[in-house]
Amino acid sequence: MDKVGIVGVGQTKYERRKVGETYPDMIYEVTVKALDNAGLTIKDIDNVITVSNDFWDGRTISSMAVQDACGCRHKDISTVEGDGLFGAFYGAMRVLSGSFSTTLVVVHNKCSQSKMNLITNAMFDPIYTRALGLDAITSAALQARAYMETFGVTEKQCAKVSVKNHGQAKNNPYAQLPLDIEVDDVMKSRVLCPPIKLLDASPITDGAAAVIWADEKAAQKAKAAPVWLKGAGHMTDAYHLGDRDLARSPALVGAAKKAYALAGVSDPLKEIDVAEVSDVFSYMELMWYEGLGFCSEGGGGQMIDQGLTGMNGVLPVNPSGGCLSANAVMVAGLARLIEAVLQVRGEAGDRQVPNCKNALAHGINGPCGQSHCVMIVGR
Amino acid sequence: MAEWEQATEDIVYRGRIKVPYQWWVGETGSHFFIKLRDEKKLLGRYCARCNLVFMPPRQACPRCFNKEMAWRELKDEGTLVSFAVPAYTSELHPLEPPFAYGIIKLDGADTGLTHLVAGFKEGRLKTGLRVKAVFKEDRTGDIMDIRYFQPV
């Protein structure tokens with residue numbers, strides 16, 4: 001694989017309600033942070049990808065509306081409507097194409113400005129599904145039940161993911177919801193839609209993030225040593241929930257296989273040092289262990305029971321606290337990638353995993369993880 | 001921090017987005033909804049190459065990309081593949097609690113229809129349950145012509 005690496009990263013603090021900042025304000029903040037982090041100026045950037053969602057922003061061409069704030073004027077731009085990791089995937093491809101040497105990727109989302117379930121309801125087909133009132137929580141509950149009943153995964157095992165990730169968030173200054181909780185607290189939290197309870201679900205979050213990709217030559221100009229993209233894969237599943245086997249994630253299996261093949265990874269559990277996955281609901285983290293090949297199909301519950309994915313486990317997952325501790329939806333996947341980069345650099349502070357050479361970032365898009373993106377970054 | 005930045009009030013502009021919209025159902029969907037409205041019949045689309053019946057119907061097979069599909073009449077009964085009973089209220093919910101979202105594999109179909117389940121005693125739903133469609137009296141040619149599915 002040709003070389004493309006990340007030389008700069010920037011994130012806002014993730015918060016429940018960023019009432020003091022507009023979308024452009026947040027994008028300006030993360031753009032400046034990423035440029036400073038790279039030791040570059042906006043003049044060094046030759047193309048930009050903006051990632052956003054029109055429904056959440058309450059306007060059309062939401063991606064174009066933040067372009068002044070990320071220095072796009074008179075630059076080549078493109079846009080992605082999807083998770084931030086998919087934007088990063090596209091940004092990396094633009095450099096790999098040879099047409100560009102530095103891509104700035106920015107993403108923003110404020111979930112506080114509207115009503116979450118009115119927006120997530122709109123992801124469903126308007127002719128066959130939307131009138132039912134299905135939303136992100138009820139659709140996830142359909143998947144959680146299918147997954148948990150198929151493989152005998154328990155609510156307590158899911159609760160352990162919440163306890164782990166909220167606890168790990170205490171080491172992440174950007175996280176919104178660091179919590180000292182126990183399994184019992186999750187089990188007794190308000191029931192949203194069985195088997196999902198409040199502490200099984202990610203919070204409502206505002207935030208933004210940015211990364212800068214560079215080719216080998218442009219990376220020499222940056223002050224930070226590049227963290228190279230070693231492998232990436234991307235795959236989607238059917239749109240209608242009833243077309244899919246909701247207990248399994250073949251699209252993630254496929255995306256991971258592609259990423260591992262490019263990165264030369266044959267045993268992910270041994271060869272990946274840290275993983276940041278999109279745990280939008282607690283059960284999802286267990287499903288993604290399986291899809292990513294960290295354990296066999298149906299083995300996610302045992303994996304959390306054995307503590308294999310805690311900070312002292314064989315493969316720490318979500319040292320940042322994951323989406324359960326901050327989920328500015330479109331931003332989530334790019335936040336995972338930024339955390340992976342910080343881990344490889346050894347700059348992850350109190351959440352640092354020792355001797356991190358290969359880090360994995362995972363993003364999802366669409367209802368119940370319809371599509372998946374997997375990236376491996378390292379030195 | 002400059003003096004002006006120490007404002008004690010953050011102004012919020014409150015608006016509402018409301019846009020009338022018409023979704024054109026298309027020829028395939030229209031046939032499905034006319035049969036539902038006029039005859040209380042549920043039709044799936046059969047792909048002979050894949051030997052699969054898809055519900056809801058679609059113009060072309062999403063698996064093999066073949067457009068030569070045929071209509072197949074399905075039973076108005078099926079099996080509950082998964083369900084979810086919301087414990088919160090929302091202006092989006094079309095039924096009074098208790099009701100559930102369900103994925104229902106109708107007899108004769110290979111994929112599940114996502115719809116509503118009602119008419120059950122609380123705590124009595126389980127996957128694998130047999131359910132049957134309850135149709136609306138005055139049908140208008142949309143997915144809510146099925147009021148919900150209820151346990152057989």
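Summary of the structure given here. In this convention, every chain numbers its residues from 1, walking through the sequence in written order. Starting at A for chains and at 1 for ligands, labels are handed out in the order in which the entities are written. Confidence filtering applies because this is a predicted model: local features only for residues at pLDDT of at least 70, side-chain atom pairs given and counted only at 80 or more, and all residues used for totals across whole chains, interfaces and linings.

1. Digging into the overall build of chain B
No. 1: Helix and strand counts for chain B come out as one helix and eight strands.
No. 2: Each helix (α) and strand (β) of chain B, taken in turn from the N terminus, gives the series α-β-β-β-β-β-β-β-β.
No. 3: The globule rule is 2.2 Å times the number of residues to the power 0.38, and the radius of gyration it is compared with is taken over C-alpha atoms. Over its C-alpha atoms chain B spans a radius of gyration of 21 Å, topping by over 25% the 15 Å that the globule rule assigns to 152 residues.
No. 4: By its C-alpha atoms, chain B is 75 × 40 × 30 Å across when sized along the principal axes.
No. 5: Three classes are used. A residue is buried when 20 or more other C-beta atoms lie within 10 Å of its own, exposed when 12 or fewer do, and partly exposed in between, with C-beta atoms placed from the backbone. The burial tally for chain B puts 30% of its 152 residues in the buried class.
No. 6: By the criterion used throughout, residues are in contact when their C-beta atoms, derived from the backbone, lie within 7 Å. Across chain B, every contact between residues at least 6 apart in sequence was considered, and the portion connecting residues at least 24 apart equals 53%. In this description a helix means any DSSP run of H or I spanning at least four residues, a strand means any run of E spanning at least two, and both kinds are numbered starting from the N terminus.

2. Details of the interface of chain A and chain B
A common way to state how big an interface is: give the accessible area lost once the parts meet.
No. 1: Each partner contributes to the interface: chain A provides 31 residues, whereas chain B provides 30 residues.
No. 2: Of all the elements in the fold, those that place two or more residues in the side of chain A that touches chain B are α5 (116-121), α6 (136-151) and β5 (191-193) of chain A.
No. 3: No other element matches α6 of chain A, which puts six residues into the side of chain A that touches chain B.
No. 4: Classification used: nonpolar for Ala, Val, Leu, Ile, Met, Phe, Trp, Tyr, Cys and Pro, charged for Asp, Glu, Lys and Arg, polar for all others including Gly. Of the residues that constitute the side of chain A that touches chain B, the class distribution is 18 nonpolar, nine polar and four charged.

3. Points about the environment of Ser 78 of chain A
Residue and element names in this part refer to chain A.
No. 1: Looking at the element boundaries, Ser 78 is found in strand β3 (residues 76-80).
No. 2: A tally of 14 C-beta atoms within 10 Å means that Ser 78 is categorised as partly exposed.
No. 3: Each C-alpha atom of the pair Ser 78 and Ala 208 lies 18 Å from the other, and the pair is 130 residues apart in sequence.

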